[in-house]
Amino acid sequence: MFRFIQSHYCKSGTHKQVKQIWKRRRTTTTMNNMNISQYMNTLGQSIMRDYRIVYFGTDAFALPILEQLHEHTEHEIALVVVPYKPHGNGQRSVVEKYAQKHKLPIQRVNRKTTMNYFHLNTTPEQIIEPIQEPSTSKEYKLYKDNEEKPYDIGVVASFRYLMKPHVFEHFKYGCVNIHPSALPQFRGPAPITHTVWRGEKFTKVSLINLAPKFDTGSIIRQSPFIEISAMIDYPSFFNMLAYEGAVLLSELLELPGTELQQAIEAAVPQNDPNLLVEPGVTLKDKPQEEIIFARKPRNEDGYINFAEKTASEIYHQFKALYTSLPHVYTYLKDTRINFHDMQLILQQEHHLDVLLQNYPDIKPGQCIFDRKQKQLLVCCKDRTLLAIHALSKPNRKPTKSGDFLAQVPKEAKLNRTCFFFDV
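Residues numbered from 1 in each chain as written. Predicted model: local features only at pLDDT ≥ 70, side-chain atom pairs only at ≥ 80, totals over all residues. Heavy atoms only, no water.

A. Region of the structure containing the environment of P180. With respect to the helices, strands and loops of the structure, P180 is situated in the loop between β6 (175-179) and α9 (191-197). The buried category is assigned to P180, whose relative accessible area is 7%. Apart from residues no more than four positions distant in its own chain, P180 is found in contact with F61, P191, I192, T203, K204, V205 and L241. (Helix = DSSP H or I, 4+ residues; strand = E, 2+ residues; numbered from the N terminus. Buried < 20%, exposed > 50% of the residue type's maximum accessible area, 1.4 Å probe, protein only. Contact = heavy atoms within 4.5 Å.)

Below, the structure is given as structure tokens:
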């Protein structure tokens, strides 16, 4: 089932995002007769399980999943585990703010305590701070060997730290991780960024068993393929995958305990040659070098060279990195120029053809100001065009492309409305 992502999801709010997922999942007569509110409530309540859940999460991807578990199911959120300093400056994460607002038990952890143990918080108003060393053992347990495990399942979504295997022992059914990619493709800390950056046409959300190494666990289930628009909007795409993950998890937790255990045990390893990584393409048919690790973006990844990439490639680079890096930039006479808004030109209008007739030898990096649309056109590889709407010099506020022309050095200009970026 292919699905098309449109750019208005994040602007239209949470309800509309979930509503789109609901519409695409109406496959039975019963669901066709439901409204959106009934569907959301049904995800966790159609078969009451009341699992005790420990939730590990940090950022905006993890928040909708926690909201779904807390507000639309009868499961007990026994503990919300968050990093101690998620942004390096002591600022609380969105998950921690939500947990505090709804008086959910919170455990703050640092890297050491997460890898060794965590402690049950029974007082919702109190936040347990990280402890450097447990008093008895580095492998501290919350239950004795002859006692029942205190939690049913652990849920991990965009969590900062790696947990050691003995932490999994606290859970009756183990831990599941929600990963927004068609694993094993884009295994790593930045799968959504790389999906957009590399201009992928399809993706999935994967639900996997937690493993001692990041994102290597066996696959419990995956969403249907999601088709990605060429004019992708990163925030809306990010939100859409988060809500898809929330629905995927809720559907898994509808299973009774025995069936849940069977589903987890029947998970498929990520090296299974029959895994679909693209529509009609299995893992055995995809060259190993095309299976990419989604590392965190570096500052140098934000550099744009118009001679090396087409307009489409640069547009996806900008959309993927603009929110995660300090700058997406190029150079103009050795001065860094930061980009703040650009648009891909899919259908070239007639007036652009007329405009380009005056520049038959246009080269990559050459910029022409389009007076009719009041936009700056940049020639990229293969004579493709990209529209720049806002840019700036270092430590300056973003300016519109028309106003930026006055800041261009004379030696970089070909005429009043044309200049060259460095390539």
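B. Just the pattern of salt bridges, in detail. Tallied over the full model, the rule gives five salt bridges. Between R52 and E76 there is a salt bridge; the shortest N-O distance is 3.0 Å. Residue R52 is found in strand β1 (residues 52-57), and its partner E76 is found in strand β2 (residues 76-83); the two are separated by 24 residues along the sequence. Given the relative accessible area of 25%, R52 is considered partly exposed. With relative accessibility at 37%, the residue E76 sits in the partly exposed group. The closest approach of N and O atoms between E290 and K286, which form a salt bridge, is 3.3 Å. By relative accessible area, K286 is classed as buried at 10%. (Salt bridge = Lys/Arg side-chain N within 4 Å of Asp/Glu carboxyl O.)

C. Representation of a positive patch on the surface in the model. A surface patch of like charges, here positive, comprises R371, K410, K413 and R416. Its location among the elements puts R416 in the loop between β19 (413-415) and β20 (418-420). Overall, R416 belongs to the exposed group, its relative accessible area being 71%. (Patch = residues over 30% accessible without salt bridge, like charges linked within 9 Å, V, L, I, M, F, W, Y side chains within 5 Å. Areas by Shrake-Rupley, 256 points an atom, 1.4 Å probe, with all protein chains shown as cover. Lys, Arg positive; Asp, Glu negative; His and termini not counted. Charge placed at Lys NZ, Arg CZ, Asp CG, Glu CD.)

D. Fine view of the layout of surface pockets. Considered as a void within the structure, the largest pocket measures approximately 1200 Å³ in volume. In terms of lining residues, the largest pocket is bounded by 41 residues, among which D59, S158, P189, A190 and K296 are the most central. Partitioned by chemical class, the residues of the lining of the largest pocket number 23 nonpolar, 12 polar and six charged. Contributing to the lining of the second largest pocket are W197, R198, G199, E200, K201, I228, S229, A230, K309, S312, E313 and H316. Examining the composition of the lining of the second largest pocket, we find that three residues originate from one element, helix α12 (residues 311-321), more than from any other. The residue makeup of the lining of the second largest pocket, split by class, is three nonpolar, four polar and five charged. (1 Å grid on protein atoms, 1.4 Å probe; cavity = no way out; pocket = protein on both sides within 12 Å on 5 of 7 lines; lining within 4 Å. Points joined across faces, edges and corners; volume = space filled by probe spheres on them. Nonpolar A, V, L, I, M, F, W, Y, C, P; charged D, E, K, R; others polar.)

Treat this as a map of the structure, not an account of what it does.
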